[in-house]
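Read off the chains here:
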Amino acid sequence: MSSAIKVEELRKSYGELRAVDGISFEVQAGEFFGILGPNGAGKTTTLEMVEGLRQPDSGTVSLFGESPWPRNPRLLPRIGVQLQASAFFERLTAREQIRTFASLYGVPARKADEWLGVVGLEDMADKRNEDLSGGQQQRLSIACALAHGPDLVFLDEPTSGLDPQARRNLWDVLRDINSQGRTVVLTTHYLDEAESLCDRVAIMDHGRILESGPPASLVRDLDAPTRISIESGVLTADAARTLADGVEVSDDGVSLTLATRTPAPVLSALAERDALRGLSVRGATLEDVFLHLTGREYRA
Amino acid sequence: MTGFVSLSAAMARGFFRDRTAMFFTILFPLMFLVLFGGLFKDSGASKTDVLQIGSVPVLEQLPAEAAAGIGQVLAVERTDDRADALEQVRKGDKAAALEQVGGELIVHYSAADQVKSATVQGILESLVQEANLAAAGVTTPALKLSAKPVEDESLKAIQYMTPGLLGWAIATGATFGAALTLVTWRQKKILRRLRLSPVPVTSIISARVSVSIVIALVQSAIFIGVALLPYFGLQLADQWWGFIPIMIAGTLAFLSIGLLAGAVAKTAEAASAIANLITLPMAFLSGAFFPLEGAPEWLRTVSEFLPLKHLVSSMQDVMVRGEAFSVTLPDIGILLGFTVVLSAAAAALFRWDDA
């Protein structure tokens, strides 16, 4: 696999604030890569420098071996960017929007229209963008970013402000895009989104990459306990402690939670006692990884 | 090229679907035209009002052609009340009262308005002389006086208002169009999105320029169309279409003003305010709303530095004064000069992004 993006020691400061403070990463062609972190972590600034919208103070960016800064017209047809705030021409219908953007790349109108179908907006084609809902606007803006068939797609917080249903619909669209062989780079502050979509994530905080790798292995490497919860009152905390060695027990009056690194014996012991009412089992998530890395709770 | 075409289409659609923009660039200036055109419809080359007391054969027996000539300068009204007629002259309501007693034509005038009474006396004197010559059998006199106002009908308000208000409308349309496109496209991140596409900057700018020129042509067509209605009675010179080049040069000059305003302003509100601050006072100082002939010297000097003055005066020359297109060439040059300087400044201040 060849690398689509190579970033080395990238830095950008705004006055005293070091928005991006020396980050390096590489994204392989065809990968779904996520940049993850709370608001203000430096994700957008990073993305803007990679896209060639902002000049880094220092460090290098190369996309398919070329520098995106200054504006590089050879590179531009190969990348598609969905901006955080949906950028639309005023008072144009969805169809007119996507046709306009497509024509900037020499893509014919008929091909542009197909993209409305891909993101499920055929019915909205004659609606002006001002009349579309937030989710429809996001999907339109993704379609506009993709209409010219770029090899590399940047999506900045594509699902922020969407209701859960709309988010999940959008995830399907993004998975499809990636499965067509396009490299996708996504920033998000939703950890579950990164976990569900990305082949690899980089966790950012305060302008630095704290850790990167496939979400599953980040979680696994954490070696965090599995949390088993049952309804409160089924079992006393003391009885729960005797189930297996090294079980940490807490009871908040709603659920009794057992944290253990060896869930199998605990679960079978619970089953023996017929104490499985309200059972839920949660492994560690990226949230725990973030907590571990920063020593603080994750707050989007 | 496709980028230029589709951006022009996007801009034009955005404009023609924007009711506010349509109102301020087309209807609003048109309202001024309708309002002023209606108010000042009868002003213009004002005739001198004269009363005729009883029968005045010298006037009544004039040949039709001469009567029409006199009619352009004098508005003669007949009355039989001599005392009242003299009273009206005394009060200044009428310039003079005429009375013929046998072979004597008496002109009653007031010394209060010497100019008007002199006009009347002069005209009547020539009438009397002509009548004397005719009586003496001289049908083709060696010298003949015929009175005609130099402006013919061209001083009618609609004649200078149409090019003036049209010039102002074009200036406003181009300035606001450029300033607001630049600011809202920057605010809405459309500029940023365009920067990420391979479309050349020249395509973006030429799209804006062509849309503005089309808007200016639409404004002109509507303005001239309305002013030509019999109610307003605009009379175009033979080569009136010669105003198109100066109109395009004016559009370019005001586009560059708008680009400069848009480069400086951060919000659409600020851009509107700046554009207003530039175009509105300029309209008063440039002779767009009223002629500058009677304005003080300093104002006329100031106006030479304002692009709108050059746009409006050249448009008046070609559209209503009957001048050839070539007289607008110096003004076209000046407007293009404005364009070059202001565009360079706007380019230096240009920002793709807010931050």
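Cut-offs applied
- Residues numbered from 1 in each chain as written.
- Chains lettered and ligands numbered in written order.
- Predicted model: local features only at pLDDT ≥ 70, side-chain atom pairs only at ≥ 80, totals over all residues.
- Heavy atoms only, no water.
- Phe/Tyr/Trp six-rings, centres within 6.5 Å; stacked < 30°, edge-to-face > 60°.
- Helix = DSSP H or I, 4+ residues; strand = E, 2+ residues; numbered from the N terminus.
- Buried < 20%, exposed > 50% of the residue type's maximum accessible area, 1.4 Å probe, protein only.
- Lys NZ or Arg CZ within 6 Å of the ring centre and 35° of its normal.
- Contact = heavy atoms within 4.5 Å.
- Expected span 1.5 Å × (residues − 1).
- Arc of directions from axis to C-beta.
- Pairing = 2+ DSSP bridges.
- Axes fitted to C-alpha atoms, helices over the stretch in contact; angles between N-to-C directions.
- 1 Å grid on protein atoms, 1.4 Å probe; cavity = no way out; pocket = protein on both sides within 12 Å on 5 of 7 lines; lining within 4 Å.
- Points joined across faces, edges and corners; volume = space filled by probe spheres on them.
- Nonpolar A, V, L, I, M, F, W, Y, C, P; charged D, E, K, R; others polar.
- Domains from an automatic or database assignment.
- Buried area = accessible area lost by both parts, 1.4 Å probe.
- Salt bridge = Lys/Arg side-chain N within 4 Å of Asp/Glu carboxyl O.
- Polar contact = N/O pair within 3.5 Å; in protein donor to acceptor, adjacent residues only side chain to side chain.
- UniProt positions renumbered as here; feature names shortened; annotations may be inferred.
- Core = buried A, V, L, I, M, F, W, Y, C linked by side-chain atoms within 4.5 Å.

1. Quick word on the packing of aromatic side chains
Piece 1. Evaluation of the coordinates by the stated rule reveals 18 aromatic pairs over all chains.
Piece 2. Arranged with centres 5.8 Å apart and planes meeting at 70°, the rings of Phe32 of chain B and Phe36 of chain B form a pair that is edge-to-face. A residue pair is termed a helical-turn pair when its members lie 3 or 4 positions apart in one helix, as Phe32 of chain B and Phe36 of chain B do in helix 2 (residues 19-39) at 4 residues.
Piece 3. The exposure class of Phe32 of chain B is partly exposed, given its relative accessible area of 22%.
Piece 4. You can call Phe36 of chain B partly exposed: its relative accessible area is 21%.
Piece 5. Directly above the aromatic system of Tyr190 of chain A lies the positively charged group of Arg167 of chain A, at a separation of 4.0 Å from the ring centroid.

2. Re the side chain of Thr226 of chain A
Residue and element names in this part refer to chain A.
Piece 1. Here Thr226 lies in strand 10 (residues 226-231).
Piece 2. Classification of Thr226 as buried rests on a relative accessible area of 16%.
Piece 3. In contact with Thr226, not counting residues within four places along its chain, are Leu258, Ala259, Thr260, Pro263, Val281, Arg282 and Gly283.

3. A few points about helix 14 (residues 329-349) of chain B
Residue and element names in this part refer to chain B.
Piece 1. Counted at 1.5 Å a residue, the expected span for helix 14 with its 21 residues is 30 Å, and the 30 Å between its end C-alpha atoms agrees.
Piece 2. Asp331, Ile332, Leu335, Thr339, Leu342 and Ala346 are the residues of helix 14 that are buried. Within helix 14, the buried residues cover an arc of 105° as seen down the axis, which keeps them to one side. Relative to its buried face, helix 14 has exposed residues pointing more than 90 degrees away, namely Pro330, Val340, Val341, Ala347 and Ala348.
Piece 3. As for helix 14, its buried residues are in contact with helix 10 (243-264) and helix 13 (307-319).

4. Section: the sheet that holds strand 2 (residues 17-28) of chain A
Residues and elements named next belong to chain A.
Piece 1. A sheet is described by the order of its strands in space; here 3 strands give the open sequence 2-1-4, paired in antiparallel fashion. Where the open sheet ends on each side, the last strands, each with one partner, are strand 2 and strand 4 (58-63). Going across the sheet, the axis of each strand differs from the next one's by a mean of 15°, ignoring polarity.

5. Examining helix 7 (residues 157-187) of chain B
Residue and element names in this part refer to chain B.
Piece 1. The terminal C-alpha atoms of helix 7 lie 43 Å apart, and with 31 residues this matches the ideal 45 Å at 1.5 Å per residue to within 8%.
Piece 2. Among the 31 residues in helix 7, 28 count as buried, and that is most of the element.
Piece 3. Just downstream of helix 7 lies Lys189, where phi reads positive at about 65°.

6. A word on the layout of surface pockets
To find leftover empty space, one rolls a probe the size of a water molecule over the atoms.
Residue and element names in this part refer to chain B.
Piece 1. Volume-wise, the largest pocket comes out at about 690 Å³.
Piece 2. Lining the largest pocket are 30 residues; nearest its centre among them are Asp18, Ala21, Phe176, Gly177 and Leu180.
Piece 3. When residues of the lining of the largest pocket are traced back to their parent elements, those giving at least two are helix 1 (2-16), helix 2, helix 7, helix 9 (201-228) and helix 11 (268-285).
Piece 4. Among the elements that line the lining of the largest pocket, the one with the most residues is helix 7, at 9 residues.
Piece 5. Its residues assigned to classes, the lining of the largest pocket shows 15 nonpolar, 11 polar and 4 charged.
Piece 6. Approximately 420 Å³ is the volume attributed to the second largest pocket.
Piece 7. Forming the boundary of the second largest pocket are 22 residues, of which Leu182, Val201, Ile205, Leu259 and Phe350 lie nearest the centre.
Piece 8. For the lining of the second largest pocket, the elements supplying multiple residues, two or more each, are helix 7, helix 9, helix 10 and helix 14.
Piece 9. Each residue belonging to the lining of the second largest pocket can be placed in one class, and the counts come to 17 nonpolar, 4 polar and 1 charged.

7. With respect to the domain arrangement of chain B
Piece 1. One can read the domain layout of chain B as domain 1 (2-42 + 153-349) and domain 2 (48-135).
Piece 2. Measuring from the centre of the C-alpha atoms in domain 1 of chain B to the corresponding centre in domain 2 of chain B gives 48 Å.

8. Topic: the sheet that holds strand 11 (residues 248-251) of chain A
Sheet strands line up and pair through hydrogen bonds in the backbone, either parallel or antiparallel.
Residues and elements named next belong to chain A.
Piece 1. Pairing within the open sheet is antiparallel, and its 4 strands lie in the order 11-12-10-13. Taken across any chain shown, the strands that pair with only one partner, and hence form the sheet edges, are strand 11 and strand 13 (280-282). The sheet shows a mean angle of 20° between the axes of neighbouring strands, direction not considered.
Piece 2. Note that strand 11 and strand 12 (residues 255-260) share 4 bridges and pair antiparallel. Across the sheet, the residue bridging to Val249 is Leu258, located in strand 12.
Piece 3. The sheet strands contacting helix 9 (residues 263-272) are strand 10, strand 12 and strand 13, and the helix crosses strand 10 at an angle near 15°.

9. Quick word on the pairing of strand 10 of chain A
All names here are of chain A.
Piece 1. Of the pairings in the sheet, the one linking strand 10 to strand 12 comprises 6 bridges and is antiparallel in character. For Arg227, the partnering residue across the bridge sits in strand 12 and is Ala259.
Piece 2. Relative to strand 13, strand 10 runs antiparallel, the two sharing 3 bridges. Bridging from a neighbouring strand, Arg227 pairs with Arg282 of strand 13.

10. Some thoughts on the interface of chain A and chain B
Piece 1. Opposite the 31 residues of chain A that make contact, chain B presents 24 residues.
Piece 2. Between chain A and chain B, a total of about 2,600 Å² is buried, with carbon and sulfur atoms accounting for 58% of that surface.
Piece 3. Between chain A and chain B we count 4 salt bridges in total.
Piece 4. Across the chain A-chain B interface, the total number found is 15 residue pairs in polar contact (both at pLDDT 80 or more).

11. Topic: the pattern of salt bridges
All names here are of chain A.
Piece 1. Overall, the coordinates contain 31 salt bridges over all chains when judged by the stated rule.
Piece 2. Between Asp192 and Arg167 there is a salt bridge whose closest N-O contact spans 3.2 Å. With a gap of 25 residues between them, Asp192 in helix 6 (residues 191-197) and Arg167 in helix 5 (residues 164-179) connect regions that are remote in the sequence.
Piece 3. Given a relative accessible area of 12%, Arg167 falls into the buried group.
Piece 4. Each of Glu9, Arg11, Arg18, Asp21 and Arg208 takes part in salt bridges that share partners, so that together they form one network.

12. Details of the UniProt feature "transmembrane region" (unreviewed entry) in chain B
Piece 1. Under the present numbering, the feature "transmembrane region" (unreviewed entry) in UniProt falls on residues 21-40, 165-185, 205-234, 240-261, 273-292 and 332-352 of chain B.
Piece 2. In residues 332-352 of chain B, helix accounts for 86% and strand for 0%; the two terminal C-alpha atoms are 31 Å from one another.

13. Brief notes about the pairing of strand 3 (residues 96-101) of chain B
Along any regular strand the residues' side chains alternate between the sheet's two faces.
Residue and element names in this part refer to chain B.
Piece 1. In terms of residue burial, strand 3 counts as a mostly covered element, since 5 of its 6 residues are buried.
Piece 2. Alignment of strand 1 (residues 48-53) against strand 3, held across 3 bridges, turns out to be parallel. Looking across to strand 3, one finds that Val50 is bridged to Ala96.
Piece 3. Pairing of strand 3 with strand 4 (residues 104-109), which is carried by 6 bridges, proceeds in the antiparallel orientation. Bridge pairing in strand 4 places Gln100 opposite Leu105.
Piece 4. Counted between consecutive antiparallel strands, the loop separating strand 3 from strand 4 contains 2 residues, among which Gly102 sits at a positive phi close to 60°.

14. Describing the nonpolar core
Piece 1. Core analysis: the largest hydrophobic core is formed by 95 residues, its most contacted members being Ile5 and Phe154 of chain A.
Piece 2. At 6 residues, helix 5 of chain A tops the list of elements feeding residues into this core.
Piece 3. The contacts of Ile5 of chain A, once residues within four sequence positions are left out, are Phe25, Glu26, Val27, Val50, Ser62, Leu63, Leu152, Phe154 and Val185 of chain A.
Piece 4. Membership of the second largest hydrophobic core comes to 42 residues, among which are Leu30, Leu33, Phe243 and Met282 of chain B.

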